[in-house]
Amino acid sequence: MEPKKSNLRSRAERGGNVVPIDPYDSTSRAYKKETPKRAETGFSLYLTLAVWVFMLIFLFFIYEMAVETWERLK
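Residues numbered from 1 in each chain as written. Predicted model: local features only at pLDDT ≥ 70, side-chain atom pairs only at ≥ 80, totals over all residues. Heavy atoms only, no water.

S.K.: Got a minute to help me understand the overall build of the protein chain in this structure?
M.R.: Within the protein chain one finds one helix and zero strands. Within the protein chain, the fraction of its 74 residues that count as buried is 0%. When the accessible surface of the protein chain is summed, it comes to about 8,500 Å², and 63% of that surface belongs to carbon and sulfur atoms. (Helix = DSSP H or I, 4+ residues; strand = E, 2+ residues; numbered from the N terminus. Buried < 20%, exposed > 50% of the residue type's maximum accessible area, 1.4 Å probe, protein only. Areas by Shrake-Rupley, 256 points an atom, 1.4 Å probe, with all protein chains shown as cover.)

Put into structure tokens, the structure is as follows:
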């Protein structure tokens, strides 16, 4: 004996629904004023500053080496 196969009912008619099937309304939060976020200084800014400082020190070192070498050769 096979159990009687019933037609599938809609989800609203089925028992044991935990989640309500009301349509999701996303407009309730759509027009809420956004709170401005605090500007965060990113890692890229610090990296850029470090590279610039390194380049300045490196170029100053190259300049000093060139001047010192020129003075010795004179």
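S.K.: Can you walk me through the pattern of salt bridges in this structure?
M.R.: Side chains bearing opposite charge may pair, as long as their charged atoms lie close to each other. Overall, the coordinates contain one salt bridge when judged by the stated rule. Between R72 and E68 there is a salt bridge, and its shortest N-O distance comes to 3.2 Å. Within this pair, R72 and its partner E68 are both found in helix α1 (residues 43-73), separated by four residues, close to a single helical turn. For R72, a relative accessible area of 67% corresponds to the exposed category. Judged by relative accessible area, which is 41%, E68 ranks as partly exposed. (Salt bridge = Lys/Arg side-chain N within 4 Å of Asp/Glu carboxyl O.)

S.K.: Explanation requested: a nonpolar patch on the surface in the structure shown.
M.R.: On the surface, F43, L47, V51, F54, M55, F58, L59, F61, I62 and M65 cluster together into a nonpolar patch covering about 1,000 Å² of accessible area. On the secondary structure map, I62 appears in helix α1. (Patch = residues over 30% accessible without salt bridge, like charges linked within 9 Å, V, L, I, M, F, W, Y side chains within 5 Å.)

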